[in-house]
Amino acid sequence: MILVLLITFGTDILAAVTEVMHALLREAPMPSSLRIFPTSPGLSTLWVVCYFALLAVPALLAVYLLQGTPKKLTGMGFRWFTWRDGWASLGLVIAAIVVIEGTGIVLILTHVPGHIQAPPLSGRNWLVDLAQSLNAGVVEEIVVLGYVIRRLEDAGFSTRTAALISLAVRSSYHLYYGTGVVAIVFFGVVQTLWFVRYRRIVPLIIGHAA
């Protein structure tokens, strides 16, 4: 499990720590250099989309590693999609908006300092945004929720402990948000509680991506 997490989020955690250090030193974040074809926006977009698709490979690895467990993939929440899942997805989107935006408003109104802006992604467009959103929904929910909680439960941890560890992992690679990580924690709590209660992963992926 640790190896899968390191493969999936190791560089993200390192990047988050780096951004925190930049903020503490009052250095402005630099734009991400994903656009490697300055004269061809089309090729740059294709490369970035492929880049985010490649980042989803650890999710496939997590699914593969759990195929041999007693409950197989059902323990990760993979079940046939139903109309109820569609309504659940919509509800999770609304909950995410309320939690994240509400927390952000409270931080602004209380003048809490330290909210770090993520480094901008050069040459982004709607297709890049879509690829990045799908990547976040698929990888974070399958690996951080489904895989981590299932693995820890199989190892003898209680569901509550497994959920707390999952939430800590999710928060760790969002540290560059500064105080804004509070919103991610609340968002993670909503996602985690819903998963533990219903054990259905697809609505969480859709809700997160949306």
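Below: a short report on this structure. (Residues numbered from 1 in each chain as written. Predicted model: local features only at pLDDT ≥ 70, side-chain atom pairs only at ≥ 80, totals over all residues. Heavy atoms only, no water.)

1. Examining helix α7 (residues 181–198)
Right, so step 1: Here α7 contains 18 residues, and its C-alpha end-to-end distance of 26 Å stays within 8% of the 26 Å for a straight helix at 1.5 Å per residue.
Right, so step 2: Where α7 is concerned, the buried positions are V181, A183, I184, F187, G188, Q191, T192, W194 and F195. Buried residues of α7 fall within an arc of 165° about the axis and therefore sit on the same side. The exposed residues of α7 that point more than 90 degrees off its buried face are L193 and R197.
Right, so step 3: Phi for R199, located one or two positions after α7, is positive at around 55°. (Helix = DSSP H or I, 4+ residues; strand = E, 2+ residues; numbered from the N terminus. Expected span 1.5 Å × (residues − 1). Buried < 20%, exposed > 50% of the residue type's maximum accessible area, 1.4 Å probe, protein only. Arc of directions from axis to C-beta.)

2. Regarding the packing of helix α6 (residues 159–172) against α7
Right, so step 1: Between α6 and α7, the least distance of the axes is 9 Å, while the angle of their chain directions is 145°. The element α6 and its partner α7 pack so that their crossing is right-handed. Residue-level contacts link T159, A163, L167, R170 and S171 of α6 to V181, I184, V185, F187, G188, V189, Q191, T192 and V196 of α7.
Right, so step 2: Tallied by class, residues from the contact of α6 with α7 come to 8 nonpolar, 5 polar and 1 charged. (Axes fitted to C-alpha atoms, helices over the stretch in contact; angles between N-to-C directions. Left-handed = near helix turned anticlockwise from the far one by under 90°. Contact = heavy atoms within 4.5 Å. Nonpolar A, V, L, I, M, F, W, Y, C, P; charged D, E, K, R; others polar.)

3. Here we look at a nonpolar patch on the surface
Right, so step 1: Nonpolar side chains collect at one region of the surface, where W83, W87, L90, I94 and V98 lie side by side and expose about 620 Å² of accessible area between them.
Right, so step 2: Relative to the elements of secondary structure, I94 occurs in helix α4 (residues 83–109). (Patch = residues over 30% accessible without salt bridge, like charges linked within 9 Å, V, L, I, M, F, W, Y side chains within 5 Å. Areas by Shrake-Rupley, 256 points an atom, 1.4 Å probe, with all protein chains shown as cover. Salt bridge = Lys/Arg side-chain N within 4 Å of Asp/Glu carboxyl O.)

4. Thoughts on the environment of V49
Right, so step 1: Mapped onto the elements, V49 comes out in helix α2 (residues 41–55).
Right, so step 2: Between the C-alpha atom of V49 and that of Q132, which follows or precedes it by 83 residues, the distance is 7.7 Å.
Right, so step 3: Beyond its immediate sequence surroundings of up to four residues, V49 is in contact with L127 and A131.

5. Digging into the packing of helix α5 (residues 126–154) against α6
Right, so step 1: Where α5 meets α6, the axes come as close as 9 Å, and the angle between the chain directions of the two elements is 145°. Of the two possible hands of crossing, α5 and α6 adopt the one that is right-handed. Taking contact as the criterion, the partners of E140, E141, V144, L145, V148, I149, L152 and E153 in α5 are, on α6, T159, A162, A163, I165, S166, V169 and R170.
Right, so step 2: Here the contact of α5 with α6 is built from residues that sort into 9 nonpolar, 2 polar and 4 charged.

6. Details of the nonpolar core
Right, so step 1: One finds I142, L145, F195, I201 and L204 to be the most contacted residues of the largest nonpolar core, which totals 21 residues.
Right, so step 2: Contributions of two or more residues to this core are made by α3 (57–65), α4, α5, α7 and α8 (202–209). (Core = buried A, V, L, I, M, F, W, Y, C linked by side-chain atoms within 4.5 Å.)

None of the figures reported here should be taken as evidence of function without further support.
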